[in-house]
Amino acid sequence: NAGVTQTPKFQVLKTGQSMTLQCAQDMNHEYMSWYRQDPGMGLRLIHYSVGAGITDQGEVPNGYNVSRSTTEDFPLRLLSAAPSQTSVYFCASSSGRGGSPLHFGNGTRLTVT
Amino acid sequence: KQEVTQIPAALSVPEGENLVLNCSFTDSAIYNLQWFRQDPGKGLTSLLLIQSSQREQTSGRLNASLDKSSGRSTLYIAASQPGDSATYLCAVRDDYKLSFGAGTTVTVRA
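Residues numbered from 1 in each chain as written. Chains lettered and ligands numbered in written order. Predicted model: local features only at pLDDT ≥ 70, side-chain atom pairs only at ≥ 80, totals over all residues. Heavy atoms only, no water.

(A) Spatial organisation of the overall build of chain B. Broken down by element type, chain B carries zero helices and 11 strands. Since a compact globule built from 110 residues should have a radius of gyration of about 13 Å, the 13 Å found for chain B is in line with a globular shape. C-alpha extents for chain B along the principal axes are approximately 40 × 25 × 20 Å. The contacts in chain B between residues at least 6 apart in sequence include a share of 52% that link residues at least 24 apart. Carbon and sulfur atoms provide 47% of the accessible area of chain B, an area that totals close to 5100 Å². (Helix = DSSP H or I, 4+ residues; strand = E, 2+ residues; numbered from the N terminus. Rg over C-alpha atoms; globule rule 2.2 N^0.38 Å. Contact = heavy atoms within 4.5 Å. Areas by Shrake-Rupley, 256 points an atom, 1.4 Å probe, with all protein chains shown as cover.)

(B) Geometry of the sheet that holds strand β7 (residues 64-66) of chain A. Residue and element names in this part refer to chain A. Taken in spatial order, the four strands of this open sheet run β1-β3-β8-β7, and their pairing is antiparallel. Each edge of the open sheet carries a strand with a single partner, namely β1 (4-7) and β7. Averaged over all neighbouring strand pairs, the angle between strand axes comes to 20°, with direction disregarded. (Pairing = 2+ DSSP bridges. Axes fitted to C-alpha atoms, helices over the stretch in contact; angles between N-to-C directions.)

(C) Fine view of unusual backbone geometry. Looking along the chain, the bond that leaves T7 of chain A and enters P8 of chain A is cis, with omega of -5°. Here the amide bond leading from I7 of chain B into P8 of chain B is cis, since omega sits at 5°, within 30 degrees of zero. Secondary-structure assignment places P8 of chain B in the loop between β1 (4-7) and β2 (10-14). A positive phi is found at N28 of chain A, a non-glycine position, where the angle reads about 60°. For N28 of chain A, the location among the structural elements is in the loop between β3 (19-25) and β4 (31-38). Although it is not a glycine, A79 of chain B sits at a positive phi angle of roughly 45°.

(D) Spotlight on the nonpolar core. In terms of nonpolar packing, the biggest core is built from 22 residues, with F25, L33, W35, L75 and Y88 of chain B touching the most fellow members. Every element with two or more residues in this core is listed here: β3 (19-25), β4 (32-38), β5 (44-51), β7 (62-67), β8 (72-77), β9 (86-94) and β11 (104-109) of chain B. Within the second largest apolar cluster, 18 residues are counted, among which are L13, W34, L78 and Y89 of chain A. (Core = buried A, V, L, I, M, F, W, Y, C linked by side-chain atoms within 4.5 Å. Buried < 20%, exposed > 50% of the residue type's maximum accessible area, 1.4 Å probe, protein only.)

By themselves these figures say nothing about function.
Here you go:
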C-alpha cells in the first residue's frame, strides 16, 4: 500500500514550457486535490476532484488544468509555466467528504526560470 | 472565506519543556481540524484529527483541543525532545476544502 505517490520529485522548467505533475493513490479514495506551498503563505488549494469525471477550482486555479479520468490518478497540468509558479506542489486524497483525514504525497519541487 | 491563523510563527524551547501551539479560524462551520507535522523539504505527516463534534484528541505525548464556537484549537506536546523540531500546521476542513494556517516552526534545544 503506497498511499499517495507524486512524480517527479524535482523539476526545472523554462518560462513558457508546459508539463504535467503526476499524482496516484492506491486507497480507492474519491476525493483528490492539489495544493501549492509557498514560504509564509501556508498551503493553498489549486484544484480538487470528488470523483472520476468531476473536478472543481480551488483558491488559486489560474494557469493550471486538471482532469480525473480514473479514481486512482489526478494529474496537474501547467499550460505555460511562469516564474510565479515556482513552488512546492502537494497532492492529497481522502475517502470522502467531511470527516475523513487527508493523506498527502511527498511533494514536487518546481522551479521555473 | 475561511482564514486560519497560527501564532507564534516560530518558537524555541529547551528540551523537556511543554509546547503549546495555537490555531484560530474564522468560520466555525467546519467538519474537522487536522494537525500536521512537516520536516524541512519533506511532505506533511498527519498527527491528529479532531472531528467537529469532539473536544480533544490524544496520541502519546500529543494532545489537541478544539473549541469550535470560539474558533480555536491548541496542540500540546508534552516533554519536548529535539526530534520534535519541525513546522506544525493546522488545517480546517469545510466539506471538500482544507484551509491551512502558515504554520509554527518549533526548535527544541538540547
